[in-house]
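Here is what each chain is made of, one letter per residue.
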Number of protein chains: 2
Amino acid sequence: VPKVAVAAAEDKHVLLALKSAWIKKIAMPVLIGNKDAIEEIADSINFDLDGLEVINEKSPEKSCKIAVEWVSNKNAGILMKGLVSTAALLRAVLNKENGLKRKTTLSHFALFEIPTYHKLLGITDAAMNIAPDLNEKISIINNAVGAARGVGINSPKVAIVCPVEVVNPKIESTVHASIMTTMNRRGQIKNCMIDGPLALDIAISKKAALHKGIENEVAGDADILMTPDLNSGNILYKSLAFLGGGKSAAIITGSSAPIVLTSRSDTEETKLYSIALAASIISNNNNK
Amino acid sequence: VPKVAVAAAEDKHVLLALKSAWIKKIAMPVLIGNKDAIEEIADSINFDLDGLEVINEKSPEKSCKIAVEWVSNKNAGILMKGLVSTAALLRAVLNKENGLKRKTTLSHFALFEIPTYHKLLGITDAAMNIAPDLNEKISIINNAVGAARGVGINSPKVAIVCPVEVVNPKIESTVHASIMTTMNRRGQIKNCMIDGPLALDIAISKKAALHKGIENEVAGDADILMTPDLNSGNILYKSLAFLGGGKSAAIITGSSAPIVLTSRSDTEETKLYSIALAASIISNNNNK
């Protein structure tokens with residue numbers, strides 16, 4: 001069972017998700033933060049802390065630093081945010097001296113189960129990169145492909161989502177999409193099948209794709225939707241979560257270990273699924 | 001019953017929608033195009049053309065010009081696209097000599113009924129403006145507000161959707177949102193209540209809004225969602241239509257008459273609803 005180092009763990013919703021993850025043997029929590037507060041909350045939700053490490057550190061910033069050290073020293077495989085700002089946790093992650101080793105651009109990867117789609121659907125990037133350039137987009141794809149492979153999708157179909165399915169030089173997203181599609185065909189982006197530009201309907205509906213005369217393995221059957229920027233990625237994520245009836249898990253990828261960075265408004269279910277997604281990715285990586 | 005002038009009407013799906021609109025007395029079609037083809041298709045779908053004008057014009061371009069003239073001469077109240085490219089129809093609309101009078105920037109307005117939201121939800125702009133600047137965004141809001149008022153929503157609540165609910169100078173959409181919100185409070189954008197920046201969840205869920213401590217009339221109860229650009233607007237539109245189980249109507253607004261510009265992959269239902277939306281808007285305007 002992988003260990004998850006939790007920074008500023010004194011949060012009821014975070015502890016509820018960790019309790020489920022521990023009972024289900026998905027991950028073993030290492031709780032860093034205000035020990036009194038952690039124990040009090042644990043008691044109130046019947047979370048038995050016997051056999052778990054609880055490290056007392058009242059400062060949220062120092063708590064982030066300690067949690068990151070657990071991961072960089074390989075004593076824990078997953079990093080998770082508790083009652084501390086995302087900015088503070090990322091500062092500790094990105095610290096040059098004792099942060100996590102970054103492989104590439106950090107990016108957000110979400111995995112959805114939606115009643116109206118025939119399989120799991122990955123979305124990237126809904127939360128980290130504001131307006132990624134081409135190189136950053138390639139890193140974002142590689143991160144997402146790594147995450148998808150971590151849950152057993154070995155050659156994920158990646159749709160580069162744009163407002164249209166033709167290249168329009170006035171719409172940069174369509175230009176980027178065509179470049180990345182070619183790079184994939186030439187073996188410059190590996191372990192996946194890329195097609196784009198594809199409008200969202202064409203990416204997820206074979207019928208819509210055939211209407212437009214687009215026939216290939218990705219169109220209508222995407223495993224991952226890559227959006228042009230934060231504006232569009234965040235809207236897609238939230239429309240699926242809040243209007244599409246989707247269940248989701250999400251992590252930050254691109255560093256040496258997955259980071260669970262759920263937000264206060266996420267459900268406990270989402271927090272638990274996110275821990276499970278991170279755990280699945282690292283156990284698959286360890287088996288390779 | 002308003003008249004709808006249809007350019008290049010020789011299209012089965014368009015004629016099916018027009019047949020329903022005519023039977024339900026929503027709109028009276030004026031069919032411009034290849035008369036033989038129109039009559040043949042009408043026959044095959046049991047669409048009785050008795051009492052309707054059918055104008056023979058085999059060239060799709062000239063057919064657009066004639067349809068636009070019907071509208072600019074006030075002989076028809078709605079313009080509709082048949083078997084002709086959007087570009088060709090818009091060329092005729094925008095023609096300086098005999099096009100339609102433009103009030104402002106043309107923009108796309110869609111109205112959704114979604115099972116997971118408690119009322120109708122307008123989306124703008126999912127199809128026309130690639131990267132609108134601030135002035136264009138103000139026109140887009142005014143167009144959408146006019147359309148919403150045309151279906152009886154007298155002071156629509158407009159959420160300016162962004163990836164976050166705080167102003168981040170690195171994210172232009174949040175800067176634009178704050179400016180438009182202020183302009184609304186100072187009476188510079190009228191007939192609506194604007195709030196932004198709002199992330200999508202906060203715009204449509206009171207619970208999510210309260211979680212983030214945002215309490216106002218718009219948050220969680222938006223009538224109109226204004227998206228930052230085409231990338232994000234198109235993704236939102238298509239995720240609601242294809243993954244959110246939404247029913248929708250859509251028009252182009254900003255010229256002297258509404259334009260029904262549905263695409264081939266739209267359902268007949270969407271085409272009919274779009275005619276009905278246009279008809280409702282002009283009959284409300286005529287009654288003012």
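Presented here is an overview of the structure given in this document. (Residues numbered from 1 in each chain as written. Chains lettered and ligands numbered in written order. Predicted model: local features only at pLDDT ≥ 70, side-chain atom pairs only at ≥ 80, totals over all residues. Heavy atoms only, no water.)

**Description of the side chain of Thr253 of chain A**
Residues and elements named next belong to chain A. Heads up, the rule is: Per the convention used, a helix needs a DSSP run of H or I reaching at least four residues, while a strand needs a run of E reaching at least two, with both numbered from the N terminus. Throughout, exposure labels follow a simple rule: accessible area from a 1.4 Å probe, protein chains only, divided by the maximum for the residue type, with under 20% read as buried, over 50% as exposed, and the rest as partly exposed. Here, two residues are considered to be in contact whenever any of their heavy atoms come within 4.5 Å of each other.
Examined against the element boundaries, Thr253 turns out to sit in strand β10 (residues 247-255). Taking the relative accessible area as the measure of exposure, Thr253 reaches 10% and is therefore buried. With residues near it in sequence (within four places) discarded, Thr253 still touches Thr105, Leu106, Ser107, Phe109, Asn143 and Ala147.

**Considerations on the relation of the copies chain B and chain A**
To be explicit about the condition: Alignment of the copies relies on least squares applied to C-alpha atoms, considering only residues that score at least 70 for pLDDT in both.
When chain B is fitted to chain A, the best match, at an RMSD of 0.0 Å, comes from turning it 180 degrees and sliding it 0.0 Å along the axis. Such values leave the two copies arranged in the relation of a two-fold axis.

**Re the pattern of salt bridges**
Where charged atoms from two side chains of opposite charge come close, those side chains can pair. All names here are of chain A. For clarity, the cut-off: Whenever a carboxyl oxygen of Asp or Glu lies within 4 Å of a side-chain nitrogen of Lys or Arg, that contact is scored as a salt bridge.
Inspection of every chain in the model, using the stated rule, returns 15 salt bridges over all chains. In this structure, Arg185 and Asp195 form a salt bridge, with 3.1 Å as the shortest nitrogen-oxygen distance. With a gap of ten residues between them, Arg185 in helix α6 (residues 172-185) and Asp195 in strand β8 (residues 193-198) connect regions that are remote in the sequence. Among the residues examined, Asp195 registers a relative accessible area of 9% and is labelled buried.

**As for the environment of Ser139 of chain A**
Residue and element names in this part refer to chain A. Within the secondary structure layout, Ser139 lies in helix α5 (residues 134-150). For the pair Ser139 and Leu106, spaced 33 residues apart in sequence, the C-alpha separation works out to 8.3 Å. Contacts of Ser139, omitting those with residues within four sequence positions, involve Thr104 and Thr105.

**A look at the packing of helix α5 (residues 134-150) of chain B against helix α6 (residues 172-185) of chain B**
All names here are of chain B. The test is simple: Note on definitions: angles span 0 to 180 degrees between N-to-C directions of axes, and those axes are lines fitted to C-alpha atoms, for helices only across the stretch in contact. Orientation labels follow simple angle bins: below 35 degrees gives roughly parallel, above 145 gives roughly antiparallel, 65 to 115 gives roughly perpendicular, and whatever is left gives oblique. The hand of a helix crossing depends on one turn: near helix anticlockwise from the far one by less than a right angle means left-handed, and clockwise means right-handed.
At a minimum axis separation of 11 Å, α5 and α6 run at an interaxial angle of 55 degrees. Judged by the inter-axis angle, α5 sits oblique to α6. Crossing of α5 over α6 shows right-handed handedness. Between α5 and α6, the contacting residues are Leu134, Lys137, Ile138 and Ile141 on the first element and Ser173, His176, Ile179, Met180 and Met183 on the second.

**Structural notes on helix α3 (residues 60-72) of chain A**
Residues and elements named next belong to chain A. For clarity, the threshold we go by: The span one expects for a helix is its residue count, reduced by one, times 1.5 Å. As used here, the arc is the angular range of directions from the helix axis to the C-beta atoms.
Taking 1.5 Å per residue as the helical rise, α3 with its 13 residues ought to reach 18 Å, and the 18 Å between its terminal C-alpha atoms agrees with that figure. Taken as a whole, α3 has its buried residues at Ser63, Cys64, Ala67, Val68, Trp70 and Val71. Mapping the buried residues of α3 onto a view down its axis gives an arc of 155 degrees, with all of them on the same face. Tucked into the core, α3 has its buried residues touching β1 (3-7), β2 (28-33), β3 (53-56), β4 (78-81) and α4 (86-94). Within two residues after α3, Lys74 carries a phi angle of roughly 65 degrees, on the positive side.

**A look at the packing of aromatic side chains**
Short version of the rule: The pairing test for Phe, Tyr and Trp rings, Trp by its six-membered ring, is centres within 6.5 Å, and the orientation test on the planes gives stacked under 30 degrees, edge-to-face over 60, and tilted for anything in between. Should the NZ of a Lys or the CZ of an Arg lie within 6 Å of a ring centre and within 35 degrees of the ring normal, that charge is described as sitting over the ring.
Counting across every chain of the model gives two aromatic pairs over all chains. Between Phe112 of chain A and Tyr237 of chain A, the ring centres sit 5.4 Å apart and the planes meet at 70 degrees, which makes this aromatic pair edge-to-face. One end of the pair, Phe112 of chain A, is in strand β5 (residues 102-113); the other, Tyr237 of chain A, is in helix α9 (residues 230-242), with 125 residues separating them in the sequence. Across the pair, Tyr237 of chain A and Phe112 of chain A agree in class, each one buried. The residue whose ring lies beneath Lys25 of chain B is Trp22 of chain B, and the NZ or CZ to ring-centre distance is 3.9 Å.

**Some remarks on unusual backbone geometry**
Cis geometry is adopted by the peptide bond preceding Pro197 of chain A, which originates at Gly196 of chain A and carries an omega value of 0 degrees. Looking at where Pro197 of chain A falls in the secondary structure, it is placed in strand β8. The backbone phi angle of Lys74 of chain B is positive, close to 65 degrees, even though this residue is not glycine. By the secondary structure assignment, Lys74 of chain B is in the loop between α3 (60-72) and β4 (78-81).

**Digging into the layout of surface pockets**
Note the following rule: Whether a set of points on the 1 Å grid over the protein atoms alone is a cavity depends on a 1.4 Å probe fitting there but being unable to get out, while an open set qualifies as a pocket with protein on both sides within 12 Å along at least five of seven lines; lining residues are those with an atom within 4 Å of a point. Grid points are joined across faces, edges and corners, and a volume is the space filled by probe spheres set on the points.
The space that makes up the second largest pocket amounts to roughly 1200 Å³. For the second largest pocket, the lining is made up of 43 residues, of which Thr86, Ala127, Leu261 and Ser263 of chain A together with Lys212 of chain B are closest to its centre. Residue assignment for the lining of the second largest pocket shows that the elements contributing at least two residues are α1 (12-23), α4, α9, β10 and α10 (268-286) of chain A together with α7 (200-204) of chain B. Top element by residues in the lining of the second largest pocket is α9 of chain A. It accounts for five residues.

**Some words on helix α9 (residues 230-243) of chain B**
Residues and elements named next belong to chain B. For clarity, the cut-off: The definition of a polar contact used here is a pair of N or O atoms within 3.5 Å, where within protein one atom must be able to donate a hydrogen and the other to accept one, and adjacent residues in sequence count solely through side-chain atom pairs.
In this model α9 runs 19 Å from its N-terminal to its C-terminal C-alpha over 14 residues, within 8% of the 20 Å that 1.5 Å per residue would give. The element α9 is extensively covered by neighbouring structure, given that twelve of its 14 residues are classed as buried. Among the residues of α9, Leu230, Asn231, Ser232, Gly233, Asn234, Ile235, Leu236, Tyr237, Lys238, Ser239, Leu240 and Leu243 are the ones counted as buried. Regarding α9, its N-cap is Asp229, as a side-chain oxygen of that residue lies 3.5 Å from the backbone nitrogen of Asn231 further along. In the stretch just after α9, Gly245 is the one whose phi turns positive, near 65 degrees.

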